[in-house]
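Listed here are the chains, written in short residue letters.
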Amino acid sequence: MKDLNIWMNGKLVPQSEAVLPVNSAAVFYATNVFEGLRAYWNAADDEVYSFRLPEHFARFRESMKMMRFTIPYSDLDLYEAVRTVLSGNEVKEDIHMHMCAYVTGTGLDATTPTGIYINPRRRPRVAEGAGLKCCVSSWQRTADNAIPIRLKCGANYQNGRLATLQAKADGYDQPLLLNREGHVAEGTGATFFMVRKGRLVTPPVTADILESITRTTLMDAICPELLGMGVVEREIDRTELYVADEAFLCGSGYEITPILSIDKFPLGDGKVGPITQRLTRAYMDIVRGVDTRFPEWRTPTYRPVRV
Ligand SMILES: Cc1ncc(COP(=O)(O)O)c(C=O)c1O
């Protein structure tokens, strides 16, 4: 499979040419903000649809605002950049992309100059019927007034990296992070949902989590409108994890990834639960455009589009 070219500052370039200076704040302090997004191949439409681009651009700009830097591109430019990276690579498959704005100035307080790249990547998924063995991490989710997780910058992911390395060393697939209050926050790069007593529950946006676009998609539309189930947004205690009937992580990258056990307590019968299965089907049909509702969420690549 050939390497995909990267869109960098207005041009498609081979991966070997997409480089940053070693003394830049981007390399040394990880002074960047990014989005992880997906585009889906729909064979019947002969089209690749990017999912919820306006929401990703809005969060991208919120992260930049918190970091006090800007990019010389409008949302319209970003739309065209995403479509160019897909069409320029002749993408006709499901693709994950990182859109990253970075600072090439030096020093801790550098906010300029900024550059931007979009890196299209093939990202593996868990196989159907499979799921994760999770643990509760002894590393704590960083707090909003320390390193805010609402801000999607590369440096923040060192918290999740420490937790992941520990989880893997201990024989688990993925950690779940508690916040400073001891309540469940999220996974390292995904939002946490559980099913308890027939209800879907997820932590609030004030629980030291990223304001996830997938979470909003599930809470505002897919669960109530397509499955007829509301989502309860509330704090979750650690011990609730052990007695949950089902749980999953969700996100643009993770999509809906089932959790089969937590700290070796099997959830339900230890297999992917029925609500998680129904949600996965409904979510995948929407993002791919097999279910044609919510057309405003899918930006085509090859057909002209009115923004
Ligand atoms: C820390 C973190 N939480 C949650 C998510 C899920 O967010 P989204 O659904 O917007 O991809 C992500 C993925 O970007 C993430 O990195």
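Fair warning: this is a prediction, and the values are worked out from it, not measured in the lab. (Residues numbered from 1 in each chain as written. Predicted model: local features only at pLDDT ≥ 70, side-chain atom pairs only at ≥ 80, totals over all residues. Heavy atoms only, no water.)

**Re helix α3 (residues 75–88)**
Then, in step 1: Across its 14 residues, α3 extends 19 Å between first and last C-alpha, which sits within 8% of the 20 Å expected from 1.5 Å per residue.
Then, in step 2: Residues of α3 that are buried: Leu-78, Tyr-79, Ala-81, Val-82, Arg-83, Val-85 and Leu-86.
Then, in step 3: Immediately beyond the C-terminal end of α3, within one or two residues, lies Glu-90, with a positive phi of roughly 50°. (Helix = DSSP H or I, 4+ residues; strand = E, 2+ residues; numbered from the N terminus. Expected span 1.5 Å × (residues − 1). Buried < 20%, exposed > 50% of the residue type's maximum accessible area, 1.4 Å probe, protein only.)

**Looking at the site of the ligand**
Then, in step 1: Near the ligand there are 16 residues, and of these Arg-59, Tyr-157, Ser-212, Thr-214 and Ser-252 occur at the shortest range.
Then, in step 2: Residue Lys-152 places a side-chain N or O atom 2.7 Å away from an oxygen atom belonging to the ligand.
Then, in step 3: Take Ser-212: an N or O atom from its side chain is 2.7 Å from an oxygen atom of the ligand.
Then, in step 4: Relative to its unbound accessible area of 380 Å², the ligand is 96% covered by the protein chains.
Then, in step 5: For the ligand, the cavity whose grid points lie within 2 Å of the majority of its atoms is the second largest pocket.
Then, in step 6: Looking at the shell around the ligand, the elements that each hand over two or more residues are α5 (213–226) and β13 (246–251).
Then, in step 7: For the shell around the ligand, the per-class residue count stands at 5 nonpolar, 7 polar and 4 charged. (Near = heavy atom within 4 Å. Polar contact = N/O pair within 3.5 Å; in protein donor to acceptor, adjacent residues only side chain to side chain. Areas by Shrake-Rupley, 256 points an atom, 1.4 Å probe, with all protein chains shown as cover. 1 Å grid on protein atoms, 1.4 Å probe; cavity = no way out; pocket = protein on both sides within 12 Å on 5 of 7 lines; lining within 4 Å. Sits in = over half its atoms within 2 Å of the grid points. Nonpolar A, V, L, I, M, F, W, Y, C, P; charged D, E, K, R; others polar.)

**A word on the sheet that holds strand β4 (residues 47–51)**
Then, in step 1: Taken in spatial order, the 7 strands line up as β2-β1-β6-β5-β3-β4-β16 in an open sheet, and their pairing is antiparallel. At either end of the open sheet lies a strand with only one pairing partner, and these are β2 (11–13) and β16 (298–300). Taken pair by pair, the neighbouring strands of this sheet meet at an average axis angle of 25°, ignoring direction. (Pairing = 2+ DSSP bridges. Axes fitted to C-alpha atoms, helices over the stretch in contact; angles between N-to-C directions.)

**A word on empty space enclosed by the protein**
Then, in step 1: Across all of its chains, the model carries 2 cavities of 30 Å³ or more by this definition.
Then, in step 2: Size it by volume and the largest cavity reaches roughly 60 Å³.
Then, in step 3: Residue lining of the largest cavity: Leu-37, Arg-38, Tyr-40, Phe-51, Arg-52, His-56, Ile-213, Thr-214, Ser-252 and Tyr-283, and that is the complete set.
Then, in step 4: When contributions to the lining of the largest cavity are tallied by element, the ones reaching two or more residues are β3 (32–42) and α5.
Then, in step 5: Per-element tally for the lining of the largest cavity: the top contributor is β3, with 3 residues.
Then, in step 6: In terms of residue class, the lining of the largest cavity is made up of 5 nonpolar, 3 polar and 2 charged.
Then, in step 7: For the lining of the largest cavity, the domains that each give at least three residues are domain 1 (6–124) and domain 2 (132–272).
Then, in step 8: The volume enclosed by the second largest cavity comes to roughly 30 Å³.
Then, in step 9: For the second largest cavity, the full set of lining residues is Arg-59, Glu-62, Met-66, Arg-150 and Glu-211.
Then, in step 10: Of the residues in the lining of the second largest cavity, the class split is 1 nonpolar, no polar and 4 charged. (Points joined across faces, edges and corners; volume = space filled by probe spheres on them. Domains from an automatic or database assignment.)

**A look at the pattern of salt bridges**
Then, in step 1: Enumeration over the complete set of coordinates arrives at 20 salt bridges.
Then, in step 2: Of the charged contacts, one joins Arg-141 and Glu-186 as a salt bridge, the two residues approaching to 2.8 Å between their closest N and O atoms. Residue Arg-141 is found in the loop between β7 (132–140) and α4 (157–169), and its partner Glu-186 is found in strand β9 (residues 184–186); the two are separated by 45 residues along the sequence. Per residue, the accessibility class of Arg-141 equals that of Glu-186, and both read buried.
Then, in step 3: Within the structure, one salt-bridge network assembled from shared partners comprises Arg-38, Asp-94, Arg-125, Glu-255 and Arg-288. (Salt bridge = Lys/Arg side-chain N within 4 Å of Asp/Glu carboxyl O.)

**Some remarks on the pairing of β3**
Residues in a regular strand project their side chains so that they alternate between the two faces of the sheet.
Then, in step 1: Across the 11 residues that make up β3, a large majority, 10, are buried.
Then, in step 2: Summarising the sheet, β3 and strand β5 (residues 95–103) pair through 8 bridges and their orientation is antiparallel. Bridge pairing in β5 links Val-33 to Ala-101.
Then, in step 3: Note that β3 and β4 share 4 bridges and pair antiparallel. When the bridges of β4 are listed, Tyr-40 appears paired with Tyr-49.

**As for the domain arrangement of the chain**
Then, in step 1: In terms of domains, the chain is made up of domain 1 (6–124) and domain 2 (132–272).
Then, in step 2: Between domain 1 and domain 2, the C-alpha centre-to-centre distance is 25 Å.
Then, in step 3: With 20 residues of domain 1 in contact, the opposing surface of domain 2 contributes 16 residues.
Then, in step 4: At the boundary of domain 1 with domain 2, total buried surface from both sides reaches about 1,500 Å², with 59% on carbon and sulfur atoms.
Then, in step 5: Among the residues domain 1 hides against domain 2, the three largest losses belong to Phe-34, Arg-59 and Met-66. Together they make up 35% of the total.
Then, in step 6: Those elements that place two or more of their residues in the side of domain 1 that touches domain 2 are β3 and α2 (53–67).
Then, in step 7: Along the lines of polarity and charge, the residues of the side of domain 1 that touches domain 2 split into 9 nonpolar, 5 polar and 6 charged. (Contact = heavy atoms within 4.5 Å. Buried area = accessible area lost by both parts, 1.4 Å probe.)

**Some words on the nonpolar core**
Then, in step 1: Membership of the largest hydrophobic core comes to 31 residues, with the highest contact counts inside it found for Phe-60, Leu-86, Met-97 and Met-99.
Then, in step 2: Within the residue set of this core, elements represented by two or more residues are β3, α2, α3, β5 and β6 (114–121).
Then, in step 3: Counting residues per element, this core draws most heavily on α3, which supplies 6 residues.
Then, in step 4: With residues up to four places along the chain from it excluded, the contact list for Met-99 reads Val-33, Phe-34, Glu-35, Leu-37, Phe-57, Phe-60, Leu-78, Val-82, Ile-116, Tyr-117 and Ile-118.
Then, in step 5: In terms of nonpolar packing, the next biggest core, distinct from the first, is built from 25 residues, Met-219, Cys-223, Ile-275 and Met-284 among them. (Core = buried A, V, L, I, M, F, W, Y, C linked by side-chain atoms within 4.5 Å.)

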